[in-house]
Amino acid sequence: MTLLAPKRTVADLKELRNLTSDENGAQRIAFTEKWLLARGWFRDKLKDLPVETHTDVAGNSWTTLHGKSERALLIGGHIDSVPNGGWLDGCLNLLAGLEILRRVNSQYGGQPPFTVRLVDWADEEGARFGKSLFGSSACSGTLNMDEARVLRDKDGIELPQALKKIGVDFEKVKESGTELKNAAAYIELHIEQGPVLLDLGLPLGAVLGTFGVERHAITFHGQAAHSGSTPMNRRKDAFLAAAKMGAEIYPIAARNRGVCTIGSCSTKPGIVTSVVEECRITLDQRQLDSSALASMLREAKEASERFGSEGNLKVSWDRLWQIEPVLFNRDLIGLCEEAITETYGKCHRLPSGPLHDAAEVARAGVPTVMMFVQSLHGISHNKIEDTKEEHLELCVEAFDKLAEKALRWIK
Ligand SMILES: [Zn+2]
């Protein structure tokens, strides 16, 4: 008798989609009615399992199958989505975890050697308040309380107010950290959200960690001057330097095997008849290796100074945000690769560009790894997000193998 039924996970996913999506995609935005509906639906799915469930002080929902030891394997996901989101982002992890709980429960007659806990993190997406990874960063202790306390949604409602409505006291959310007390390992499955596995023609990948990010605003300061009367050789054109940066980030990214994005550009005075006096661009740089990330930043700074002096401009930099790369646990990456190879015969190791709850758990010191399944269009946060059904079944199978290996790895 096979205990694991990956087809059941696909059926569960479709059921959740029917319940919480409309013609524009998934609508399970955290702290809303639809989100509570999705959580209620999930709790119903647990009815036949001998599990304990509770919501922690940060709004994360925990499902525990107690084992002989309290040392626990954690499996994470998030049932919340962005507005008009995809049907797999976040809930695939959770529902694959549910299938693993069913399998572990039958295989070990209700009592596995170690405890297995499934966590549905609160507000992973940050769609409403602009702060991603809320529940997991509260739990890991990295949440910046002063920043989070004053976040407002588009209707002006503050985060603490919205939390109060679902029975969460904002000032206490970090006490959820006690949930990690017996955590021995954390695993998370996720749709890739990018095209790497798709381009390689592979269904599954072992994730090495999440990119570190350097995010800066760069401002070039020149001089406004009449567009008709100022000869080309007399201009201090702030836009020209910014434009040169636009081209320069491509070789910088290539040399350091990272990614760089200039996502916004604004000019002053910003009128058609004036040379640009001030041009502000934003630069987002990401790499898994911290020294490569540092050299991408250094090279961008050097380039901006070079273009500045070529154009007789001053340059200033402001750091907008920064996070260190988070590397996953080596042993667990190895086990993840084994699980994938046993399931499909081939595995690819890759970093994650987006941040995930797993990064927060790893930052809290819990050995962590993630598995990615191919994204059909390489696109996420969109209703067209999809994965082939056969790949969904494969990922449940491989993720379950990883769970079993991780259980044996815990000592
Ligand atoms: Zn997600």
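None of the values given here were measured: they were computed from a predicted structure.

Enquirer: Give me the lowdown on the sheet that holds strand β9 (residues 212-221), citing residues and values where you can.
Expert: One open sheet holds the four strands; their spatial order is β10-β11-β9-β12, and the pairing between them is antiparallel. Each having just a single partner strand, β10 (259-268) and β12 (314-323) make up the two edges of the open sheet. Taken pair by pair, the neighbouring strands of this sheet meet at an average axis angle of 15°, ignoring direction. Summarising the sheet, β10 and strand β11 (residues 278-287) pair through nine bridges and their orientation is antiparallel. In the sheet register, Ser264 faces β11, and the bridge partner there is Thr282. Here helix α8 (residues 238-255) sits on the sheet and contacts β9, β10 and β11; the angle it forms with β10, its principal contact strand, is near 175°. Its contacts with the sheet put helix α9 (residues 290-310) on β9, β10, β11 and β12, and the angle it makes with β11 is roughly 160°.

Enquirer: Lay out the coordination of the zinc ion in plain terms, naming residues and giving numbers.
Expert: Each protein donor to the zinc ion is listed here as His78 (NE2), Asp89 (OD) and His190 (NE2); together their distances run 2.0 to 2.2 Å. In primary-sequence terms, the residues that donate to the zinc ion follow H-x10-D-x100-H. With a gap of 112 residues between them, His78 in the loop between β5 (69-77) and α3 (91-107) and His190 in strand β7 (residues 183-191) connect regions that are remote in the sequence. The residues His78 and His190 share a single accessibility class, namely buried.

Rules and cut-offs
- Residues numbered from 1 in each chain as written.
- Predicted model: local features only at pLDDT ≥ 70, side-chain atom pairs only at ≥ 80, totals over all residues.
- Heavy atoms only, no water.
- Pairing = 2+ DSSP bridges.
- Helix = DSSP H or I, 4+ residues; strand = E, 2+ residues; numbered from the N terminus.
- Axes fitted to C-alpha atoms, helices over the stretch in contact; angles between N-to-C directions.
- Contact = heavy atoms within 4.5 Å.
- Donors = N, O, S within 2.8 Å, 3.2 Å for Na, K, Ca; no water.
- Buried < 20%, exposed > 50% of the residue type's maximum accessible area, 1.4 Å probe, protein only.

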